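Reading the structure
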Amino acid sequence: MMRNLVNGAVGGALATAVYSAMLMAADRAGLLEEPPPRRFARLSLSGRDKPRRGENVLGTIAHFAFGSSCGSVLGLLSAGQRVPVPIGTAYGLLVWYFGYQGMAPSIGAYPPVPKDRPGRQAALLAGHLLWGTALAFALNRLRTEKGQMAAELAPGMREQVRRVMPTPEPAAAR
């Protein structure tokens, strides 16, 4: 269970890095106005109307913490089993819906999806679909069965060790 939780957190962080790259591209294309992590950080700091020192760092930390947390949930739900990519993508859709139809409007960060700018929501939706897909790939890559991995590696490792360190001959044979 702990391994699934940790794999989910690591997978969530890796997927958040992929999603963050897409957010930067969407921001440069003028689709976002202000990246969501920065906006959420600004709302948590005093003096919401103007940029504050440290809001980018706080936003990045919060973004990765949220992505890792959501990844941990899927890691636990998957119970160490392979996650089909469409399930990961659908999970990304669920996280987007929860965030931008529920959480963001409730704290005043963005209007509900139907009232928001279509370009921004399209970019955020695409980013979350990408995040969920990347999460599924990461979880599948991080998932290991101890016995299977050892069985696959053992013969090759033994041969490598034999080449580097030959088995010593018994003293009597010399």
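Computed from a predicted model, the values in this text were never measured in an experiment. (Residues numbered from 1 in each chain as written. Predicted model: local features only at pLDDT ≥ 70, side-chain atom pairs only at ≥ 80, totals over all residues. Heavy atoms only, no water.)

**Some thoughts on the overall build of the protein**
Short version of the rule: Secondary structure counts use DSSP, requiring at least four H or I residues in a row for a helix and at least two E residues in a row for a strand, with both numbered from the N terminus. Accessibility here uses a 1.4 Å probe with only protein chains present; expressed as a share of the type maximum, an area under 20% marks a residue as buried, one over 50% as exposed, and anything in between as partly exposed. Contact definition: two residues touch when any of their heavy atoms are within 4.5 Å.
Helix and strand content of the protein: six helices and zero strands. Across the protein, helices and strands are ordered from the amino to the carboxyl terminus as α-α-α-α-α-α. The buried share of the protein, reckoned over its 174 residues, is 34%. Pairs at least 24 residues apart make up 74% of the contacts formed inside the protein by residues separated by at least 6 positions.

**Quick word on the packing of helix α1 (residues 2-28) against helix α3 (residues 55-78)**
Definition in use: Note on geometry: axes are C-alpha line fits, over the in-contact stretch for helices, and angles between N-to-C directions span 0 to 180 degrees. Oblique is the label for any angle not under 35 degrees, not over 145, and not in the 65 to 115 range, which are roughly parallel, roughly antiparallel and roughly perpendicular in turn. By the definition used in this description, the sense in which the near helix is turned from the far one sets the handedness, with an anticlockwise turn below a right angle giving left-handed and a clockwise turn giving right-handed. Basically, the charged four are Asp, Glu, Lys and Arg, the nonpolar ten are Ala, Val, Leu, Ile, Met, Phe, Trp, Tyr, Cys and Pro, and anything else, Gly included, counts as polar.
Between α1 and α3, the least distance of the axes is 6 Å, while the angle of their chain directions is 135 degrees. Classified by the interaxial angle, the pair formed by α1 and α3 is oblique. When you trace α1 past α3, the crossing you get is right-handed. Every residue of α3 that contacts α1 at Asn4, Leu5, Gly8, Ala9, Gly12, Ala13, Thr16, Ala17, Tyr19, Ser20 and Leu23 is listed here: His63, Phe64, Gly67, Ser68, Gly71, Ser72, Gly75 and Leu76. Of the residues that constitute the contact of α1 with α3, the class distribution is eight nonpolar, eleven polar and no charged.

**Some thoughts on unusual backbone geometry**
The phi dihedral of Glu33 is positive, around 75 degrees, even though this residue is not glycine. As for its position among the elements, Glu33 is in the loop between α1 and α2 (36-44). Phi is positive for Ala79, which is not a glycine, with a value near 50 degrees. Counting through the fold element by element, Ala79 comes out in the loop between α3 and α4 (85-107).

**Re a nonpolar patch on the surface**
The line we're drawing: In this scheme, patches are assembled from residues that exceed 30% relative accessible area and form no salt bridge. Like charges are connected within 9 Å, while nonpolar side chains (Val, Leu, Ile, Met, Phe, Trp, Tyr) are connected within 5 Å. Every accessible area reported is derived by Shrake-Rupley at a probe size of 1.4 Å, with residue values counting cover from the shown protein chains alone. By definition, a salt bridge exists where a carboxyl oxygen of Asp or Glu is found within 4 Å of a side-chain nitrogen of Lys or Arg.
The grouping of Met2, Val6, Val10 and Leu14 at the surface amounts to a nonpolar patch, some 370 Å² of accessible area in total. Counting through the fold element by element, Val6 comes out in helix α1. Take Val6: its relative accessible area is 44%, and that puts it in the partly exposed class.

**Digging into the side chain of Ser20**
Among the structural elements, Ser20 can be located in helix α1. In this structure Ser20 touches His63 and Phe64, once residues within four positions along its chain are discounted.

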